[in-house]
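For reference, the chains in residue letters:
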There are 2 protein chains.
Amino acid sequence: VLPDAPVLAATPVADVLLDLFVVLLAAKIGDEIFKRIRQPAIVGEILAGVVIGPAALGLVQPGEPLKVFAELGVVFLLFWVGLETRISDLREVGRVAAQVGVLGAVLPLVAGIALGLLLGEGTDTSIFLGAALVATSVGITAAVLMEMGVLKTRASRTILGAAIVDDVLAMIVLGVAIGLAGKGVDVASIAVVVVLAVAFVAFFSLGGTAFMRRRPQILEAPRFSESPLLPAVILCLGLAALAAQIGLAAIIGAFLAGMMVSETKELTPVGREIEPLYAFFPPFFFAFIGTQVDLGALADAGTLAMLAGVTGLAIATKLAGAWLGARTLGPQEAAFVGVGMVPRGEVGIIVAGIGEAAGVLSADLFAVVVGMSVITTLAVPPVLRMIARRGLAASGAAGPSA
Amino acid sequence: VLPDAPVLAATPVADVLLDLFVVLLAAKIGDEIFKRIRQPAIVGEILAGVVIGPAALGLVQPGEPLKVFAELGVVFLLFWVGLETRISDLREVGRVAAQVGVLGAVLPLVAGIALGLLLGEGTDTSIFLGAALVATSVGITAAVLMEMGVLKTRASRTILGAAIVDDVLAMIVLGVAIGLAGKGVDVASIAVVVVLAVAFVAFFSLGGTAFMRRRPQILEAPRFSESPLLPAVILCLGLAALAAQIGLAAIIGAFLAGMMVSETKELTPVGREIEPLYAFFPPFFFAFIGTQVDLGALADAGTLAMLAGVTGLAIATKLAGAWLGARTLGPQEAAFVGVGMVPRGEVGIIVAGIGEAAGVLSADLFAVVVGMSVITTLAVPPVLRMIARRGLAASGAAGPSA
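The present account deals with the structure reproduced in this document. Keep in mind that what you see is a predicted model, and the values were worked out from it rather than measured.

**Focus on the overall build of chain A**
The number of helices and strands found in chain A is 17 helices and zero strands. Counting only C-alpha atoms, chain A reaches 65 × 65 × 50 Å along its principal axes. Across the 402 residues of chain A, 60% fall into the buried class. A separation of at least 24 residues holds for 79% of the contacts in chain A among residues at least 6 apart in sequence. Total accessible area computed for chain A in this model is approximately 14000 Å², and 67% of it derives from carbon and sulfur atoms.

Here's what the structure looks like:
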């Protein structure tokens with residue numbers, strides 16, 4: 001055995017090990033503290049990211065390797081959520097979820113564009129602002145729902161279904177925004193991508209789950225492997241990569257893979273075997289979101305006012321749109337769905353990054369969108385718990401149904 | 001939810017997902033094929049890496065993210081080996097292991113330097129060649145020993161102990177080699193690093209395990225966490241990062257962390273919880289070694305002859321040195337130990353990379369050292385199994401003792 005590193009000079013890989021150690025340790029500490037003060041653990045993990053990130057101590061720089069671990073974090077998170085979801089669960093809530101997805105996308109989009117135009121920004125910048133307000137981070141909400149143990153309620157399933165609809169719509173908006181920022185809108189290529197995305201979701205959610213229902217032993221020994229873990233993980237990474245390649249969020253692929261594998265759960269111990277990966281990777285995702293916060297850029301009073309305005313608009317319009325779409329579920333559950341759709345999480349940050357790279361979002365607007373994403377993400381978990389607790393006390397409507 | 005990727009253009013992170021999928025799928029296929037033809041699974045995984053790497057299909061480029069996953073692969077591999085090792089097991093074999101480590105390092109070093117000088121290379125190049133021959137990849141051998149279920153035999157424990165001695169010596173040689181290639185040998189700084197390394201190993205192997213033996217409940221609920229998984233993984237990453245920062249191999253730190261945690265095994269389910277991480281990461285390590293093979297550079301007859309000579313020398317000198325050190329164990333076990341020290345694996349490749357970057361290894365010599373590393377790695381597992389089977393048939397000396 002020989003050193004990875006020349007004497008007295010650590011290699012890049014050795015530095016990555018150190019970053020992974022620091023992030024995981026900080027996230028775990030944040031998690032434990034927040035559990036002890038009876039607050040959502042993921043909020044503790046995000047704040048740990050703020051503390052160790054460039055905004056405060058500067059112990060880690062959120063570079064490429066950390067991004068990959070964060071991405072795998074949300075991929076395994078949504079795979080886990082998929083494992084807890086049956087396609088039949090989603091079918092039941094199909095129509096309401098579609099309404100929530102559509103209304104919860106249209107209202108923030110229109111408001112974002114209007115705000116941009118009112119502020120005197122160009123059409124391209126305004127559409128990017130709208131696109132950033134459309135984005136829902138189902139990863140954050142799903143983690144909170146799991147922590148609360150209410151993933152199988154009707155309201156939670158509505159949120160998951162709506163998130164898929166939301167993602168397809170958001171892809172269209174972002175496609176248009178990028179087209180406008182660059183060489184103009186290419187309607188044909190956007191249409192191709194949308195058709196591909198819808199076909200992808202339909203094929204794996206319907207065909208994939210039906211196939212697994214008929215051949216659940218395919219992940220099992222000795223047909224393919226002595227353990228279902230790697231076949232399941234390979235399916236998860238494959239669908240995540242495929243989704244990302246056609247322009248959808250990777251997590252949509254991971255979620256569909258989880259739903260497929262969930263059809264085999266009675267036969268294989270896949271849930272128990274995946275659990276350690278689910279414990280290991282997601283903290284990188286939550287802490288990574290925290291490292292994106294740039295307090296310096298928000299020191300300016302004008303930017304701070306802008307942040308307050310955009311955040312207020314992001315919350316109000318998503319809440320109103322999703323609530324309208326879910327109103328047939330009754331006020332209590334509609335409120336739960338509305339709040340659940342509010343977090344913008346990593347998705348808002350990614351849209352902001354694309355907009356900044358395309359040269360249509362200024363550094364100030366970038367910081368505002370990132371700030372809005374983090375604030376909506378931090379604010380939602382406590383509110384969701386409050387609504388759920390009230391619901392349990394009143395009618396039990398938000399309690400576990402499965 | 002919004003796309004990670006702009007329409008029609010995948011992000012770097014999306015491409016990493018695709019690489020991870022391809023590598024894991026290929027490794028799993030290689031693994032299954034080799035299990036079915038009753039050959040060591042890790043050889044199948046390395047050959048899968050050759051097939052998908054630049055040498056054949058070119059499906060993946062072994063870049064930075066894949067390197068990080070390969071490193072975590074060997075880190076979790078050695079952590080797992082440490083979990084199966086008690087410090088008391090190593091104490092028993094201490095003197096023999098030290099002899100194996102020293103003699104198994106000195107002979108290849110002298111032979112490598114002599115070969116370099118005979119070929120008319122400069123002192124700096126010759127010392128690098130020697131350093132590359134010193135390197136033992138305990139990761140490869142440990143994986144084969146685990147697959148064979150003989151990790152707890154006296155011969156296996158001797159190999160693990162010798163690997164640590166070997167690593168400290170190799171660090172000194174590499175330090176001198178780098179010093180010669182650059183601004184000259186800085187004896188003082190090398191001495192500091194060696195003292196640090198020895199202190200690191202002694203502190204965690206003796207003090208760390210003693211601490212855990214006295215307070216095994218430290219990893220347990222509700223003192224620190226509801227599951228021992230993350231505390232154990234954090235300890236593993238922390239010691240691996242620390243080892244890498246002081247110039248030792250990261251895997252030495254991971255191995256020591258595993259030995260510490262193994263003292264708590266009776267109390268916690270940590271082994272079962274780590275197992276999925278051990279299933280997920282190491283395939284990246286084995287496949288990565290395969291992707292390093294450059295068949296093009298070896299097409300030349302002179303280079304091929306050089307490869308044959310260097311590989312023969314690497315095998316003969318390591319075998320002879322380690323066998324001499326272990327001869328008191330009897331011929332059967334001494335042969336097992338000797339063969340077990342032969343694989344150069346990732347460590348030879350890393351030394352070659354450092355030498356090339358320092359400008360003292362030509363592209364041809366680089367390809368030769370990498371080729372030697374991969375050949376010694378592929379050749380050892382079948383031979384080890386053969387020796388162990390004979391031993392089991394004859395005396396049972398290499399069979400499980402625990």
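**Digging into the interface of chain B and chain A**
The parts lose accessible area when they come together, and the size of an interface is often stated as this lost area. On the side of chain A, 78 residues touch chain B, which itself brings 79 residues to the contact. Interface area, chain B with chain A, both sides summed: about 6700 Å², of which 75% is carbon and sulfur. For the pair chain B and chain A, the number of links is zero salt bridges. Our count for the contact surface shared by chain B and chain A stands at two residue pairs in polar contact (both at pLDDT 80 or more). Per-element accounting of the side of chain B that touches chain A gives the leading share, 15 residues, to helix α1 (residues 12-36) of chain B. Here the residues of the side of chain B that touches chain A are counted per class, giving 56 nonpolar, eight polar and 15 charged.

**Section: the relation of the copies chain B and chain A**
The two chain copies are connected by a rotation around an axis plus a translation along it. Mapping chain B onto chain A calls for a rotation angle of 180 degrees and an axial translation of 0.0 Å; the resulting RMSD is 0.0 Å. Both copies are brought into coincidence by an operation consistent with a two-fold rotation axis.

**Quick word on the environment of Leu-59 of chain B**
Residues and elements named next belong to chain B. Mapped onto the secondary structure, Leu-59 falls in the loop between α2 (41-52) and α3 (64-83). When the C-alpha atoms of Leu-59 and Leu-230 are compared, they prove to be 34 Å apart, with 171 residues separating the residues in sequence. If near-sequence neighbours (up to four positions away) are discounted, Leu-59 is found in contact with Asp-19, Val-22 and Ile-52.

**A word on the pattern of salt bridges**
Counted under the stated rule, the structure contains 16 salt bridges over all chains. One salt bridge connects Asp-31 of chain B with Lys-35 of chain B, and the closest N-O pair in it is separated by 3.0 Å. Placement of both Asp-31 of chain B and Lys-35 of chain B in helix α1 is noted, with a separation of four residues, approximately one turn of the helix. You can call Asp-31 of chain B buried: its relative accessible area is 9%. For Lys-35 of chain B, a relative accessible area of 34% gives the class partly exposed. The salt bridge involving Glu-263 of chain B is made with Arg-86 of chain B; its shortest N-O contact spans 4.0 Å. Taken as a pair, Glu-263 of chain B in the loop between α11 (250-262) and α12 (270-280) and Arg-86 of chain B in the loop between α3 and α4 (87-92) lie far apart in primary sequence, 177 residues in all. According to the relative accessible area criterion, Glu-263 of chain B is buried, its value standing at 8%. Linked by salt bridges that have partners in common, Lys-28, Glu-32 and Arg-36 of chain A make up one network.

What counts and how
Residues numbered from 1 in each chain as written. Chains lettered and ligands numbered in written order. Predicted model: local features only at pLDDT ≥ 70, side-chain atom pairs only at ≥ 80, totals over all residues. Heavy atoms only, no water. Helix = DSSP H or I, 4+ residues; strand = E, 2+ residues; numbered from the N terminus. Buried < 20%, exposed > 50% of the residue type's maximum accessible area, 1.4 Å probe, protein only. Contact = heavy atoms within 4.5 Å. Areas by Shrake-Rupley, 256 points an atom, 1.4 Å probe, with all protein chains shown as cover. Buried area = accessible area lost by both parts, 1.4 Å probe. Salt bridge = Lys/Arg side-chain N within 4 Å of Asp/Glu carboxyl O. Polar contact = N/O pair within 3.5 Å; in protein donor to acceptor, adjacent residues only side chain to side chain. Nonpolar A, V, L, I, M, F, W, Y, C, P; charged D, E, K, R; others polar. Least-squares fit on C-alpha atoms with pLDDT ≥ 70 in both.

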